[in-house]
Amino acid sequence: MKLLPVLVLAALPFYCYAGSGCTLISQVINQAIDPQVSEDEYIANFSDYIPGEEAEEAIRQAKQCFLQQSDETLGNAQVMVDSIYDSEWCKQY
């Protein structure tokens, strides 16, 4: 199950490169990584961006995947996110 978070995080440079901005995706990822944010709270915070029940279920599964990770793995995920945001691609936006 560690592959899903890696794939989600690997898509960040493309999102930033597309000019959509890194602020919203930063909030999404930071709350996904944060073990203090529950599934329900996470869904509530981003409900405006969830198009339907199938998407909501997929997001719940992704959040649950992060909740099951160790603190070390979550810390490594945060280091990867920080590296992406400090990359040349995101600095342009």
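Let me sum up the structure you'll find in this document.

Reading the values: rules and limits
Residues numbered from 1 in each chain as written. Predicted model: local features only at pLDDT ≥ 70, side-chain atom pairs only at ≥ 80, totals over all residues. Heavy atoms only, no water. Helix = DSSP H or I, 4+ residues; strand = E, 2+ residues; numbered from the N terminus. Buried < 20%, exposed > 50% of the residue type's maximum accessible area, 1.4 Å probe, protein only. Contact = heavy atoms within 4.5 Å. Areas by Shrake-Rupley, 256 points an atom, 1.4 Å probe, with all protein chains shown as cover. Phe/Tyr/Trp six-rings, centres within 6.5 Å; stacked < 30°, edge-to-face > 60°. Polar contact = N/O pair within 3.5 Å; in protein donor to acceptor, adjacent residues only side chain to side chain. Core = buried A, V, L, I, M, F, W, Y, C linked by side-chain atoms within 4.5 Å. Salt bridge = Lys/Arg side-chain N within 4 Å of Asp/Glu carboxyl O.

For the rest of this paragraph, the subject is the overall build of the chain. A count of helical and extended segments in the chain gives seven helices and zero strands. Burial analysis of the chain (93 residues in total) assigns 32% to the buried set. For the chain, restricting intrachain contacts to residue pairs at least 6 apart in sequence, the fraction spanning at least 24 positions comes to 62%. Roughly 6000 Å² of accessible area belongs to the chain as shown, and the carbon and sulfur atoms make up 54% of that amount.

Turning to the packing of aromatic side chains, a few remarks are in order. Summed over the entire model, instances satisfying the criterion amount to one aromatic pair. Arranged with centres 5.3 Å apart and planes meeting at 65°, the rings of Tyr-42 and Phe-46 form a pair that is edge-to-face. Judged by its relative accessible area of 7%, Tyr-42 falls in the buried class.

Bringing the side chain of Gln-69 into the picture now. Of note, Gln-69 is situated in the loop between helix 5 (53-67) and helix 6 (71-85). A polar atom in the side chain of Gln-69 sits 2.9 Å from the backbone oxygen of Cys-65.

If you look at the biggest cluster of nonpolar residues, it comprises twelve residues: Ile-25, Ile-29, Ala-32, Ile-33, Val-37, Tyr-42, Phe-46, Phe-66, Leu-74, Ala-77, Val-81 and Tyr-85. Mapped by element, the contributors of at least two residues to this core are helix 3 (23-33) and helix 6. Apart from the residues within four sequence positions on either side, Val-37 is in contact with Gln-31, Tyr-42, Lys-63 and Leu-67.

Attention now moves to the environment of Leu-67. Structurally, the position occupied by Leu-67 is in helix 5. Judged by relative accessible area, Leu-67 falls into the partly exposed class, the value being 31%. On a C-alpha basis, the gap between Leu-67 and Ile-33 in space is 7.6 Å, while along the polypeptide they are 34 residues apart. Once residues within four sequence positions are removed from consideration, Leu-67 is found in contact with Asp-34, Pro-35, Val-37 and Glu-39.

All right, on to the pattern of salt bridges then. Throughout the structure, instances matching the rule amount to three salt bridges. A salt bridge links Arg-60 to Asp-40; the nearest nitrogen and oxygen atoms lie 2.8 Å apart. Note that Arg-60 is positioned in helix 5 and Asp-40 in helix 4 (residues 39-45), a separation of 20 residues in sequence. Residue classification places Arg-60 among the buried positions, given a relative accessible area of 19%. According to the relative accessible area criterion, Asp-40 is exposed, its value standing at 51%. Close ionic contact of Glu-56 with Arg-60 constitutes a salt bridge, the shortest N to O distance being 3.2 Å. Of this pair, Glu-56 and Arg-60 both sit in helix 5, four residues apart, roughly one helical turn. By relative accessible area, which is 27% here, Glu-56 ends up partly exposed.

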